[in-house]
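So you can see what is in the structure, the chains are spelled out below.
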Amino acid sequence: MRLVADLHTHSLASGHAYCTINEMARAAADIGLEMIGITDHGPNMPGGPHLFYFGNLYVVPPVIAGIRVLKGVEANIIGSLGELDLPNRILKSLDIVLAGFHSSTGYEGTGISENTKATIKVLENPYVHGIVHPGNPKFPVDIDEVVSAAKDLDRVIEINNASLTITRLESMENCIKFAEAALKYGTTIIVSSDSHHTSLVGEFDEAIKLIKAVGLGSEQVLNTDVSKIDEFLRRRRKALNRKQNS
């Protein structure tokens, strides 16, 4: 399975990543990718960027080193009603909005029920495109509820390579269950590196091995084709416009 885009990566603006946007794009070009998502952490992450950083992302070129650059965020879920740490006026200006649970960002959760409710509320947010590293065992959810909601709402669920190789290493069992649920419900997934350094851009091997093992094919993986990504983003923009005009 060939992936053409890494949609979840971090630049040094995240505070605990180490390379510039230009360096990340050039790293993507070096390994033959066609697109990269720069999704720095939201401002509630300790050391994370200020709101102004996201509001000013329009100055970043859409193509760097021949690589299309999606300017986005990995927003922090900060409340049980799906509140995020970026306001809608910023979210609507971004190319891609991913969201996830992180410790020390304002939400610790009280258990599966509350975490599931928060996750589904985030998926219902018209500006959000998907949920990242949902297999994190520190924030357990009802996997079937979340994955079926993502299918119904036309959102994506991530299988995060870093969760299998670097951090959140207790995530394997849950990630397998998420992949199995995606197969069951026909939910679209993305496979991402979650790279915080150029050396990890496009590192997908363990995540690909996992999804192949459960029988997920390339037709359910968004980032196997740039045209699929473009169509998904267009579809989400059209849905947002309909909601705003209704």
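Residues numbered from 1 in each chain as written. Predicted model: local features only at pLDDT ≥ 70, side-chain atom pairs only at ≥ 80, totals over all residues. Heavy atoms only, no water.

A. Fine view of the nonpolar core. By size, the foremost hydrophobic cluster in this structure holds 62 residues, and its most contacted members are Ile36, Val73, Leu84, Phe178, Ile189, Val191 and Ile211. Here Val191 is in contact with Leu3, Ala5, Ile159, Phe204, Ala207, Ile208, Ile211, Val221 and Asn223, once residues within four sequence places are set aside. By size, the runner-up hydrophobic cluster in this structure holds 15 residues, among which are Ala5, Leu70, Val226 and Ile229. (Core = buried A, V, L, I, M, F, W, Y, C linked by side-chain atoms within 4.5 Å. Buried < 20%, exposed > 50% of the residue type's maximum accessible area, 1.4 Å probe, protein only. Contact = heavy atoms within 4.5 Å.)

B. Region of interest: unusual backbone geometry. With a phi angle near 30°, His133 is a residue other than glycine that sits in the positive phi range. Take His133: it is sitting in the loop between β6 (130-131) and α5 (143-153). For His133, a relative accessible area of 5% puts it in the buried group. For Arg168, which is not a glycine, the phi torsion comes out positive at approximately 50°. Looking at the secondary structure, you find Arg168 in the loop between α6 (161-165) and α7 (172-185). (Helix = DSSP H or I, 4+ residues; strand = E, 2+ residues; numbered from the N terminus.)

C. Local environment of the packing of aromatic side chains. For the coordinates displayed, the defined rule picks out four aromatic pairs. Centroid distance Tyr53 to Phe54: 5.1 Å. Interplanar angle 85°. Geometry classified as edge-to-face. Judged by its relative accessible area of 1%, Phe54 falls in the buried class. Considering the side-chain rings of Phe101 and Tyr107, the 5.1 Å spacing of their centres and the 25° angle between planes classify their relative orientation as stacked. Here Phe101 falls in the buried class, since its relative accessible area comes to 9%. (Phe/Tyr/Trp six-rings, centres within 6.5 Å; stacked < 30°, edge-to-face > 60°.)

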